[in-house]
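The chain contents come next:
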Amino acid sequence: MAGLFDDTGVLIAYGALTLPRPGEPSRADLLDLPADQRSLVAYLASAMVRADWQQHGLHHALVEWRLVLAGALGRRHAVSAVWPGNHQSWGHLLAHGLRGKKMARVEKDLIRLVVHRDLAAPPPLPDPLSLRLIPLALLPDQTALFDEGYWLWRRLRRPDHILAEFARPRPQEG
Ligand SMILES: CC(C)(COP(=O)(O)OP(=O)(O)OC[C@H]1O[C@@H](n2cnc3c(N)ncnc32)[C@H](O)[C@@H]1OP(=O)(O)O)[C@@H](O)C(=O)NCCC(=O)NCCS
């Protein structure tokens, strides 16, 4: 866990990274990771920035710090699970190369967007011919789109609404 403090020593932000032990359940179980790589998960568990310190780039810094740490620890699969309405959170994770791979009901009234990045693989690219834009309010309903092989790549801000940009990944060469 990284904590950020102001110059009087008061905590203003934190970001947590958890490292599931082999066989320990995590939201990464919702993804189809290769069986021999399931122990290589780093889970971006939670982050928070105090309201008066928001919009200074601290969350972006905490996402990047956790990805660098995951890579340095050999945990190639960075995973997080986010409430789909929290576009600030998932929008930032996507900006750091994670991609929305699944919409899952994890408890009766709890739906989560599962995002993932393989830090050891070349960055996948979207197939532009498959582009789909979905309004934020409809994002929780997109289970079928994910099941059809679409990923969530970007948050697009419009003057009065937010769009989620979906596309299929281009087949990797080689
Ligand atoms: C979601 C949350 C963590 C975002 O924190 P934040 O520190 O305000 O986020 P950042 O400052 O990194 O990014 C906000 C914007 O400020 C911009 N910004 C402003 N000044 C900046 C600077 N000096 N350097 C970099 N970015 C800057 C960023 O580009 C970013 O724009 P974007 O959203 O278009 O990418 C914060 O709102 C929060 O704590 N929310 C409640 C808890 C929560 O939802 N946590 C996440 C789920 S666990």
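The following paragraphs examine the structure supplied in this document. (Residues numbered from 1 in each chain as written. Predicted model: local features only at pLDDT ≥ 70, side-chain atom pairs only at ≥ 80, totals over all residues.)

### Focus on the overall build of the protein chain
Helix and strand counts for the protein chain come out as three helices and nine strands. Counted from the first residue to the last, the protein chain has its helices and strands arranged as β-β-β-α-β-α-β-β-β-α-β-β. Relative to the compact-globule value of 16 Å for 174 residues, the protein chain shows a C-alpha radius of gyration of 16 Å, a close match. Within the protein chain, the fraction of its 174 residues that count as buried is 29%. (Helix = DSSP H or I, 4+ residues; strand = E, 2+ residues; numbered from the N terminus. Rg over C-alpha atoms; globule rule 2.2 N^0.38 Å. Buried ≥ 20, exposed ≤ 12 C-beta atoms within 10 Å, placed from the backbone.)

### A look at the pairing of strand E3 (residues 41–49)
In this structure, strand E2 (residues 11–18) lies alongside E3, joined through six bridges in antiparallel fashion. Looking across to E3, one finds that Tyr14 is bridged to Met48. Of the pairings in the sheet, the one linking E3 to strand E4 (residues 77–82) comprises three bridges and is parallel in character. Paired with Ala42 across the strands is Ala78, a residue of E4. Following the backbone out of E3, through helix H1 (residues 58–72) and into the adjacent parallel E4, one traces a crossover that is right-handed. (Pairing = 2+ DSSP bridges. Right-handed = clockwise from strand over helix to strand, strands pointing away.)

### Details of the pairing of strand E5 (residues 99–107)
With seven bridges joining them, E5 and strand E6 (residues 110–118) adopt antiparallel strand pairing. Within E6, the position partnered with Arg105 by the bridge is Ile111. Counting the residues between successive antiparallel strands, the hairpin from E5 to E6 contains two residues.

### Concerning helix H2 (residues 87–95)
Looking at H2, one finds that the buried residues are His87, Ser89, Trp90, Leu93 and Leu94. On an axial view of H2, the arc spanned by its buried residues comes to 160°, and they lie on one face. In this fold, the buried residues of H2 make contact with H1, E4, E5, E6, strand E8 (151–158) and strand E9 (161–167). Two residues or fewer past H2, Gly97 is found with a positive phi of approximately 90°. (Arc of directions from axis to C-beta. Contact = placed C-beta atoms within 7 Å.)

### Quick look at the site of the ligand
Near the ligand there are 17 residues, and of these Val49, Gln54, Gly57, His59 and His60 occur at the shortest range. When contributions to the shell around the ligand are tallied by element, the ones reaching two or more residues are E3, H1 and H2. (Near = placed C-beta within 6 Å.)

### What about the environment of Asp118?
On the secondary structure map, Asp118 appears in strand E6. You can call Asp118 partly exposed: it has 18 C-beta atoms within 10 Å. Between the C-alpha atoms of Asp118 and Val79, which are 39 residues apart in sequence, the distance is 8.8 Å. Contacts of Asp118, omitting those with residues within four sequence positions, involve Arg76 and His77.

### So, the nonpolar core
Counting residues in hydrophobic clusters, the biggest one holds 33 residues, and the most contacted among them are Tyr43, Ala78, Leu93, Leu113, Val115 and Phe166. Broken down by secondary-structure element, the contributors of at least two residues to this core are E2, E3, H1, E4, H2, E6, E8 and E9. Ranked by the residues each element gives to this core, the list is headed by E3, at five residues. Not counting residues up to four positions away in its chain, the partners in contact with Leu93 are Val63, Ser80, Val82, Leu98 and Val115. (Core = buried A, V, L, I, M, F, W, Y, C linked by C-beta atoms within 7 Å.)

### Observations regarding H1
Three or four residues apart is the spacing at which side chains of an α-helix point the same way, because the helix has 3.6 residues per turn. The end-to-end C-alpha distance of H1, which contains 15 residues, comes to 21 Å, matching closely the 21 Å that a straight helix rising 1.5 Å per residue would cover. Of all the positions in H1, only His59, Leu62, Val63, Arg66, Leu67 and Ala70 are classed as buried. Seen along its axis, H1 keeps its buried residues to an arc of 135°; they face one direction. Seen from the open side of H1, the exposed residues pointing more than 90 degrees away from its buried face are His60, Val68 and Ala72. Close packing links the buried residues of H1 with strand E1 (2–5), E2, E3, E4 and H2. (Expected span 1.5 Å × (residues − 1).)

### Description of the environment of Leu136
Looking at where Leu136 falls in the secondary structure, it is placed in the loop between strand E7 (132–135) and helix H3 (143–147). As a C-alpha pair, Leu136 and Gly100 span 36 residues in sequence and 14 Å in three-dimensional space. Setting aside chain neighbours within four positions, we find Leu136 in contact with His87, His161, Ile162 and Ala164.

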